[in-house]
Amino acid sequence: MANRQPTVVGVPNFNAAEDAAALRAAMKGLGTDEQAIIDILTTRSNIQRQAISKAFTHEYGRDLIEDLKSELGGHFEDVIVALMLPPAEYLCKELNHCMEGMGTDESVLVEILCTRTKPEIAEIVQAYERLYNRPLAEHMCSETSGDFRRLLTLIVTSHAQGARDEETGVDPARAAEAAQQLYEAGEAKWGTDEEIFNKILAHESFAQLQLVFEEYKNIAGRTIEQAIKAEVDGELKDALSAIVECVQCSASWFAARLRGAMQGLGTDDRTLIRVVVSRSEVDLGRIKEQYETMYDKTLESEIRGETSGDYKRALLALLGPA
């Protein structure tokens, strides 16, 4: 995807054994040196963190995540543990959490599954089955319903058949055909054929969808977002809108998600942590820019106002320089 602007890129001259020793020293004895933990783990890439974890076990015969959990607490612990997990595993844990127990948080399903590319979805699907011994699609089907369920199922089951294929380039003729199908399935008829919307938006790559949406505007005289708002409602509308917005500017969609997590009564810390951690090696720099453009406030100032202590320091470190 274009416009990658990570805030965490790892360090040059990386030495996993040295970092493992520094982390061990930060946790040994009386008290914990939280700042040392922040300084190391928020500046290493996830690949580097996995190497530190291996070196830690090799050197001390201990599990780094377990040691960190026993020394830290609260949302600060949540940030650090999120950083230590491989990205796909972390997102699987979040998907599982949003579906377990009473009720399902559909907004998390949308956030994770409607904004990722084909290779990212494939990795999540494989990791989910490995971690929970059941297919993600099966778990999701038991927790969702209707056209929303059908869209998410298409996204997670058809990645293997070329859905969201970022590598094949774009096909203008196919885009024109898809745009016509969308028009005929929505505005050109009484009622809406959600199946057509689901099929096209779940299958095509973001680059191909960009062309489809341009063609749609030429045919319909209005944007695909306007059509979705008029033709679809509920969770399906949120999911389709997320795909459309991420095709056009994923950083804007995530900026709005962060804004939502910090507005109103209390902060949705789980969402705040998930977006900051999972986008830090992707496009968090762009999200910061979009946030300021959209809300006339810096993301940094908003996080400062909504968090405190080591939790705040860890999140701010992941945002990179102001």
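Below is a short write-up of the structure.

Reading guide: rules and limits
Residues numbered from 1 in each chain as written. Predicted model: local features only at pLDDT ≥ 70, side-chain atom pairs only at ≥ 80, totals over all residues. Heavy atoms only, no water. Helix = DSSP H or I, 4+ residues; strand = E, 2+ residues; numbered from the N terminus. Buried < 20%, exposed > 50% of the residue type's maximum accessible area, 1.4 Å probe, protein only. Contact = heavy atoms within 4.5 Å. Areas by Shrake-Rupley, 256 points an atom, 1.4 Å probe, with all protein chains shown as cover. Lys, Arg positive; Asp, Glu negative; His and termini not counted. Charge placed at Lys NZ, Arg CZ, Asp CG, Glu CD. Salt bridge = Lys/Arg side-chain N within 4 Å of Asp/Glu carboxyl O. Axes fitted to C-alpha atoms, helices over the stretch in contact; angles between N-to-C directions. Parallel < 35°, antiparallel > 145°, perpendicular 65-115°, else oblique. Left-handed = near helix turned anticlockwise from the far one by under 90°. Nonpolar A, V, L, I, M, F, W, Y, C, P; charged D, E, K, R; others polar. Phe/Tyr/Trp six-rings, centres within 6.5 Å; stacked < 30°, edge-to-face > 60°. Lys NZ or Arg CZ within 6 Å of the ring centre and 35° of its normal. Polar contact = N/O pair within 3.5 Å; in protein donor to acceptor, adjacent residues only side chain to side chain.

**Digging into the overall build of the chain**
Part 1 of the reasoning: Each helix and strand in the chain was counted, giving 19 helices and zero strands.
Part 2 of the reasoning: Overall, the chain is about 70 × 45 × 40 Å in size when its C-alpha atoms are taken along their principal axes.
Part 3 of the reasoning: Considering the chain as a whole, with its 322 residues, one finds that 48% of them fall into the buried category.
Part 4 of the reasoning: Across the chain, every contact between residues at least 6 apart in sequence was considered, and the portion connecting residues at least 24 apart equals 73%.
Part 5 of the reasoning: Surface accessibility of the chain: about 14900 Å² in total, with carbon and sulfur atoms responsible for 48%.
Part 6 of the reasoning: Averaged over its 34 positive side-chain charges, the chain has a centre that lies 2 Å from the centre of its 54 negative ones.

**Digging into the side chain of Glu77**
Part 1 of the reasoning: One can find Glu77 in helix H5 (residues 74-84).
Part 2 of the reasoning: Summary of buried charges: Glu77 has no salt-bridge partner, and the nearest side chain of opposite charge, Lys69, is 5.7 Å away.
Part 3 of the reasoning: Apart from residues lying up to four places away in sequence, Glu77 is in contact with Lys69 and Leu72.

**Structural notes on the packing of helix H6 (residues 87-99) against helix H8 (residues 118-132)**
Part 1 of the reasoning: Two numbers describe how H6 lies on H8: the axes approach to 9 Å, and their chain directions differ by 65 degrees. Looking at the two axes, H6 sits roughly perpendicular to H8. Crossing of H6 against H8: the hand is right-handed. Residue-level inspection shows Ala88, Glu89, Leu91, Cys92, Lys93, Leu95, Asn96 and Met99 of H6 in contact with H8, the latter providing Glu123, Ile124, Ala127, Tyr128, Arg130, Leu131 and Tyr132.
Part 2 of the reasoning: Taken together, the residues that form the contact of H6 with H8 break down as ten nonpolar, one polar and four charged.

**Observations regarding the packing of helix H2 (residues 34-41) against H5**
Part 1 of the reasoning: The contact between H2 and H5 brings their axes to 11 Å, and the two run at 35 degrees. Crossing angle aside, the handedness with which H2 passes H5 is left-handed. Contacts between H2 and H5 involve Glu34, Ile37, Ile38 and Leu41 from the former and Phe76, Ile80, Leu83 and Met84 from the latter.
Part 2 of the reasoning: For the contact of H2 with H5, the residue count by class is seven nonpolar, no polar and one charged.

**Section: the packing of aromatic side chains**
Part 1 of the reasoning: Counting across every chain of the model gives five aromatic pairs.
Part 2 of the reasoning: Here the aromatic rings of Tyr183 and Tyr216 are separated by 6.4 Å at their centres, their planes lie at 70 degrees, and the arrangement is edge-to-face. Of this pair, Tyr183 sits in helix H11 (residues 172-185) while Tyr216 sits in helix H13 (residues 206-220), placing them 33 residues apart in sequence.
Part 3 of the reasoning: For the cation-ring pair, Arg24 lies above Tyr60, with the distance from its terminal atom to the ring centre recorded as 5.4 Å.

**A few points about the environment of Ala207**
Part 1 of the reasoning: Within the secondary structure, Ala207 sits in helix H13.
Part 2 of the reasoning: Owing to a relative accessible area of 41%, Ala207 belongs among the partly exposed residues under this scheme.
Part 3 of the reasoning: Put simply, Ala207 and Gln248 are 41 residues apart on the chain and 9.3 Å apart in space, counted from C-alpha to C-alpha.

**What about helix H19 (residues 309-319)?**
Part 1 of the reasoning: Residues Tyr311, Ala314, Leu315, Leu316, Leu318 and Leu319 constitute the buried set of H19.
Part 2 of the reasoning: Where H19 is buried, its residues contact H2, H5, helix H16 (269-279), helix H17 (284-295) and helix H18 (299-306).
Part 3 of the reasoning: Within two residues after H19, Gly320 carries a phi angle of roughly 80 degrees, on the positive side.

**Quick notes on the side chain of Ser278**
Part 1 of the reasoning: Mapped onto the fold, Ser278 is located in helix H16.
Part 2 of the reasoning: Ser278 sits in the buried class, given a relative accessible area of 17%.
Part 3 of the reasoning: Within polar-contact distance, the side chain of Ser278 engages the side chain of Arg116 at 3.5 Å.
Part 4 of the reasoning: Separated by 2.7 Å, the side chain of Ser278 and the backbone oxygen of Arg274 make a polar contact.
Part 5 of the reasoning: Aside from chain neighbours lying at most four places away, what touches Ser278 is Leu91 and Arg116.

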